[in-house]
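A look at the structure
In case you want the letters, here they are:
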Amino acid sequence: GFFQSYAVEVDIKDASNATCLYADWMMRFLITYESNNGDYKTTTLNLSSSITHNGSVCGNDTQAALVAVQFGEGHSWSINITKNNETYQGDFITLIYNTNDTAVFPDAKRKGPVTVLMKDPLHPVRLNTVFVCHNSYFIEAENVTQIFWNVTVQAFVQNGTVSKKESRCPADTPTFAPTVPPTSANATTASTTTLSPAPTTTPKPVENPDIGNYSLKIGNKTCFLATVGLQLNVSQDKPHLININPKTTIADGACGNTTATLKLNDGNSTLIGF
């Protein structure tokens, strides 16, 4: 797996012991915090092997459904899901992380639970349809980046059975070249003409990336400046080059006395941290 973390599975039953809400997903969090000496550090908060889902509720026509999980040393995450006559949709996501967890925040200046509230950006899903997203996507708010992948969710399940109809996230949707339907003219030609093999074409090389100017400010003073063209070379089955487009890339992060963090999000499931 691209990320090493534990999966969460929540199967909520109603009063008749039928499934009313089902969710199975993986997630992790990148959190920037201030250390005791004034530096800002970015740490990773993963799910632990022991996860509970106390407080999760089915929801109905007048009450939102709620998926709530608790993990690790005092951390919790929840999302409330609302519906109308035709669709359901995630509303607000609440993350509470506890900086008393010294394994994750060994030198945090602020001690105790910290609450981060963010809006779920995903589109509505039709009722009696399960939302599926295998590829990773990001939600950012304040000093936290949430990363999700292998997501399967259906709220307001009907008749106790998770639907086989899927609504896929944009990250899972492949892009196909348009096809030209055959006409009677080219169909006749194809049936009477022997076609020679198509010439082998050389793949077009990826051009150099555009140079972007990325900066962070404290007040009206720039504390981090990067002028750079970025290209990723991802080797899976074969090398794959990705240029980072500065026109669609958002810079975020924090500056400390001796440490600075720059996060670049290209809005296309690519997150780079310096």
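Residues numbered from 1 in each chain as written. Predicted model: local features only at pLDDT ≥ 70, side-chain atom pairs only at ≥ 80, totals over all residues. Heavy atoms only, no water.

1. Focus on the overall build of the protein
As a reminder, the rule being used: The way it works is that DSSP assigns letters per residue, a run of H or I at least four long becomes a helix, a run of E at least two long becomes a strand, and they are numbered from the N terminus. Think of it in three bands: with a 1.4 Å probe and only protein chains considered, a residue is buried below 20% of the maximum accessible area for its type, exposed above 50%, and partly exposed in between. By definition in these notes, contact holds between two residues if any of their heavy atoms fall within 4.5 Å.
Of the regular secondary structure elements, the protein holds one helix and 20 strands. Evaluated residue by residue, the protein yields a buried proportion of 39% over its 274 residues. Within the protein, contacts between residues at least 6 apart in sequence are counted, and of these 52% link residues at least 24 apart.

2. Examining the layout of surface pockets
Operational definition: In this analysis a 1.4 Å probe is tested at points of a 1 Å grid over the protein atoms alone, and where it fits but cannot get out there is a cavity; an open set with protein on both sides within 12 Å along at least five of seven lines is a pocket; lining residues have an atom within 4 Å of a point. Grid points are joined across faces, edges and corners, and a volume is the space filled by probe spheres set on the points. Asp, Glu, Lys and Arg are counted as charged, while Ala, Val, Leu, Ile, Met, Phe, Trp, Tyr, Cys and Pro are counted as nonpolar; the rest, among them Gly, fall into the polar class.
Put simply, the second largest pocket is a space of about 180 Å³. Forming the boundary of the second largest pocket are Thr32, Tyr33, Glu34, Tyr40, Tyr97, Thr99, Ala108, Lys109, Arg110, Val114 and Asn143. Looking at the lining of the second largest pocket element by element, the count peaks at three residues for strand E2 (residues 19-34). Residues of the lining of the second largest pocket, tallied by class, amount to five nonpolar, three polar and three charged.

3. Notes on the state of the cysteines
The cut-off we apply is this: In plain terms, two cysteine sulfur atoms within 2.5 Å form what is called a disulfide here.
What the rule picks out here adds up to three disulfides. Disulfide pairing is shown between cysteine 20 and cysteine 58; the S-S distance is 1.8 Å. The sign of the S-S torsion, about -65°, decides the handedness of the disulfide formed by cysteine 20 and cysteine 58: left-handed. With cysteine 20 in strand E2 and cysteine 58 in the loop between strand E4 (51-52) and strand E5 (65-71), the pair connects residues that are 38 residues apart, well separated along the chain. The disulfide that involves cysteine 133 links it to cysteine 169, with 2.0 Å between the sulfurs.

4. Description of the sheet that holds strand E18 (residues 250-255)
Our working rule: A pair of strands is labelled paired if DSSP reports no fewer than 2 bridges between them. Interaxial angle, 0 to 180 degrees, is taken between N-to-C directions of lines fitted to C-alpha atoms, where a helix line uses only the stretch in contact.
On the basis of which strands lie adjacent, the open sheet formed by three strands has the order E18-E19-E20 and antiparallel pairing. Because the sheet does not close on itself, it has two edges, and the strands there are E18 and strand E20 (271-273). Averaged over all adjacent pairs, the angle separating strand axes in this sheet is 15°, with direction ignored. Two strands pair when backbone bridges link them, and strand E19 (residues 260-265) and E20 are joined in this way by three bridges, in the antiparallel orientation. Its bridge partner lying in E20, leucine 264 is registered against isoleucine 272.

5. Observations concerning the pattern of salt bridges
Quick reminder of the rule: Any Lys or Arg side-chain nitrogen located within 4 Å of an Asp or Glu carboxyl oxygen qualifies as a salt bridge.
Evaluation of the coordinates by the stated rule reveals seven salt bridges. Here lysine 13 and aspartate 11 are joined by a salt bridge, their closest N and O atoms 3.6 Å apart. Between aspartate 172 and arginine 168 there is a salt bridge, with the nearest N and O atoms lying 3.1 Å from each other. Residue classification places arginine 168 among the partly exposed positions, given a relative accessible area of 34%. Via salt bridges that share partners, Glu166, Arg168 and Asp172 belong to a single interconnected network.

6. Concerning the packing of aromatic side chains
Note the threshold: Paired rings are identified among Phe, Tyr and Trp, the last through its six-membered ring, by centres lying within 6.5 Å, and are further divided according to the angle between planes into stacked (under 30 degrees), edge-to-face (over 60) and tilted (the rest). Here, a charge over a ring means that NZ of Lys or CZ of Arg falls within 6 Å of the ring centre while also lying within 35 degrees of the ring normal.
Under the criterion given, the structure shown has six aromatic pairs. Measuring from ring centre to ring centre gives 5.5 Å for tyrosine 97 and phenylalanine 105, while their planes differ by 25°; the resulting arrangement is stacked. For the pair tyrosine 97 and phenylalanine 105, a shared accessibility class is recorded, and that class is buried. Joined through ring pairs, the aromatic side chains of Trp25, Trp77, Tyr137 and Phe148 make up one cluster. For lysine 119, the ring lying beneath its charged end belongs to phenylalanine 92, and the centroid distance is 4.9 Å.

7. Quick word on the confidence of the model for the protein
Should pLDDT be low for a region, the predicted coordinates there are not to be read in detail. Put simply, the test is: The predictor reports its confidence for every residue as pLDDT, a score running from 0 up to 100.
Per-residue confidence for the protein averages 83 on the pLDDT scale, and 84% of its residues sit at or above 70. Note that pLDDT drops below 50 for residues 176-180; the model gives that stretch zero contacts with residues more than four away or on any other chain. In the predicted structure, residues 182-194 sits below a pLDDT of 50 and forms zero contacts with residues beyond four places in sequence or in another chain.

8. Focus on empty space enclosed by the protein
One pass over the full model with this rule turns up one cavity of 30 Å³ or more. Taken as a whole, the largest cavity holds about 300 Å³ of empty space. Along the walls of the largest cavity sit 20 residues, with Ile79, Asp120, Leu122, Tyr137 and Val153 positioned nearest its centre. Breaking the lining of the largest cavity down by element, the ones donating at least two residues are E2, strand E6 (75-83), strand E7 (87-98), strand E11 (137-141) and strand E12 (144-155). Top element by residues in the lining of the largest cavity is E7. It accounts for four residues. In terms of residue class, the lining of the largest cavity is made up of 16 nonpolar, three polar and one charged.

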